[in-house]
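# Examination of the molecular architecture
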Amino acid sequence: MTSPLIPTDLFVHGFPTRHGGVSTGRRDSLNLGYRWGDAPENVAENRRRVASCAGFDIERLQVTKHVHGTRVWVVGDPAPDPPEFDVLVTDKPGYTLGAFAADCVPIVLADPVRRVVAAAHAGWRGTVAGVMRNAVRTMAERLGSRPSDILVVLGPSIGPCCFEVGPEVVAAFASALPGVRGLVVPGPEKPHVDLRVATRAILEQEGVHGEHVDDQPPCTRCNPDKFFSFRRDGQEGGVHMGFIGIRG
Ligand SMILES: [Zn+2]
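Here's a quick rundown of the structure.

Analysis parameters
Residues numbered from 1 in each chain as written. Predicted model: local features only at pLDDT ≥ 70, side-chain atom pairs only at ≥ 80, totals over all residues. Helix = DSSP H or I, 4+ residues; strand = E, 2+ residues; numbered from the N terminus. Rg over C-alpha atoms; globule rule 2.2 N^0.38 Å. Buried ≥ 20, exposed ≤ 12 C-beta atoms within 10 Å, placed from the backbone. Contact = placed C-beta atoms within 7 Å. Expected span 1.5 Å × (residues − 1). Pairing = 2+ DSSP bridges. Axes fitted to C-alpha atoms, helices over the stretch in contact; angles between N-to-C directions. Left-handed = near helix turned anticlockwise from the far one by under 90°. Nonpolar A, V, L, I, M, F, W, Y, C, P; charged D, E, K, R; others polar. Core = buried A, V, L, I, M, F, W, Y, C linked by C-beta atoms within 7 Å.

### What to know about the overall build of the protein chain
When helices and strands are counted, the protein chain shows six helices and twelve strands. The globule rule puts the C-alpha radius of gyration for 248 residues at 18 Å, and the 17 Å found for the protein chain is close to it. Looking at the protein chain residue by residue over its 248 residues, the buried ones come to 46%. Counting contacts in the protein chain only where the partners sit at least 6 residues apart, residues at least 24 apart contribute 64% of the total.

Structure representation (structure tokens):
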């Protein structure tokens with residue numbers, strides 16, 4: 001899947017579905033994450049297929065372990081070992097940045113004016129802690145982007161239909177984003193949170209234009225034929241990767 005918001009002459013980006021890979025079982029078939037125990041050769045082949053299909057250099061795919069935090073890595077800066085970041089940013093053509101997710105929201109950002117891109121992993125903890133605020137501010141402060149130029153696409157992720165939460169999560173969102181309408185919606189049992197509403201509110205607070213946010217991805221949990229879902233499949237399931245890079 002791609003978004004019409006991102007100009008394809010400047011950037012390569014995408015959010016692959018679960019189809020077209022070689023993994024089996026509940027990871028059938030395009031599992032792109034190594035962490036949950038798939039055969040490494042399957043994951044490597046799946047990543048090669050994505051790179052080949054999208055047209056980017058697999059050797060220059062940049063990914064890190066996500067930790068539901070807010071730290072940003074500007075590709076090229078020294079990174080600690082092991083590198084643990086939830087956002088990657090670059091203004092260097094040729095690199096492709098990946099963000100993993102399986103219900104959490106993979107997000108790609110692109111500034112077509114200054115030619116800067118970012119890939120972010122935003123679950124509820126990172127969202128509340130300010131991961132997207134840090135993404136936009138790093139693009140601005142380190143690489144000269146104006147927030148009003150930044151385009152943002154939210155990838156397939158758990159929707160408000162399925163994201164049932166406990167009272168501590170409701171409280172965390174109410175505290176981080178007071179007064180935002182539609183953030184918490186009633187569910188059949190417990191309340192549900194809409195991560196898209198939260199992300200859009202944070203982006204707009206940072207100066208991103210509302211019409212520059214594509215925030216209507218399909219729900220991963222509702223669509224087992226197309227997507228992996230941690231809530232549905234647990235660690236036996238696969239992982240998706242959203243990606244973006246600047247064309248050379
Ligand atoms: Zn759903």
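### Quick look at helix H3 (residues 131–143)
Here H3 is 13 residues long and its end C-alpha atoms lie 17 Å apart, about the 18 Å a rise of 1.5 Å per residue gives. Of all the positions in H3, only Val-131, Met-132, Asn-134, Ala-135, Val-136, Thr-138 and Met-139 are classed as buried. Just past H3, the residue Gly-144 takes up positive phi, approximately 80°.

### Some points on the sheet that holds strand E2 (residues 61–62)
Across the sheet, four strands lie side by side as E1-E12-E5-E2; this open sheet has mixed pairing. Bordering the open sheet on either side are strand E1 (11–14) and E2, each of which pairs with just one other strand. Relative to strand E5 (residues 96–101), E2 runs parallel, the two sharing two bridges. Counted as the bridge partner of Gln-62 is Leu-97 from E5.

### Overview of the packing of H3 against helix H5 (residues 195–205)
One way to put it is that H3 packs onto H5 with a least axis distance of 9 Å and a crossing angle of 35°. The handedness of the crossing between H3 and H5 comes out as right-handed. Every residue of H5 that contacts H3 at Met-132, Arg-133 and Val-136 is listed here: Thr-199, Ile-202 and Leu-203. A breakdown of the residues in the contact of H3 with H5 according to their chemical character gives four nonpolar, one polar and one charged.

### Notes on the nonpolar core
Ile-107, Leu-109, Ala-118, Ala-120 and Ala-135 are the most contacted members of the largest nonpolar core, which totals 65 residues. It is strand E7 (residues 116–122) that contributes the most residues to this core, six residues altogether. Beyond its immediate chain neighbours, meaning those up to four positions away, Ala-135 contacts Val-72, Val-87, Leu-109, Ala-118 and Ala-120.

### Quick word on the environment of Lys-226
Structurally, Lys-226 is set in the loop between strand E11 (213–214) and helix H6 (230–233). Accessibility expressed as a C-beta count within 10 Å gives 14 for Lys-226, which makes it partly exposed. Filtering out sequence-adjacent residues up to four positions away, Lys-226 remains in contact with Thr-17, Arg-18 and Pro-218.

### Describing the sheet that holds E7
Strand order in the open sheet made by the six strands is E3-E4-E7-E6-E8-E11, with mixed pairing throughout. If you trace the sheet from one side to the other, it starts and ends with strand E3 (72–74) and E11, each paired once. With three bridges connecting them, E3 and strand E4 (residues 87–90) associate as parallel partners. The residue of E4 that forms the bridge with Trp-73 is Leu-88. Its contacts with the sheet place H3 against E3, E4, strand E6 (105–111) and E7, and it is angled at close to 160° to E7. Contacting E6, E7, strand E8 (151–154) and E11, H5 runs over the sheet at an angle of about 165° to E8.

Treat this as a map of the structure, not an account of what it does.
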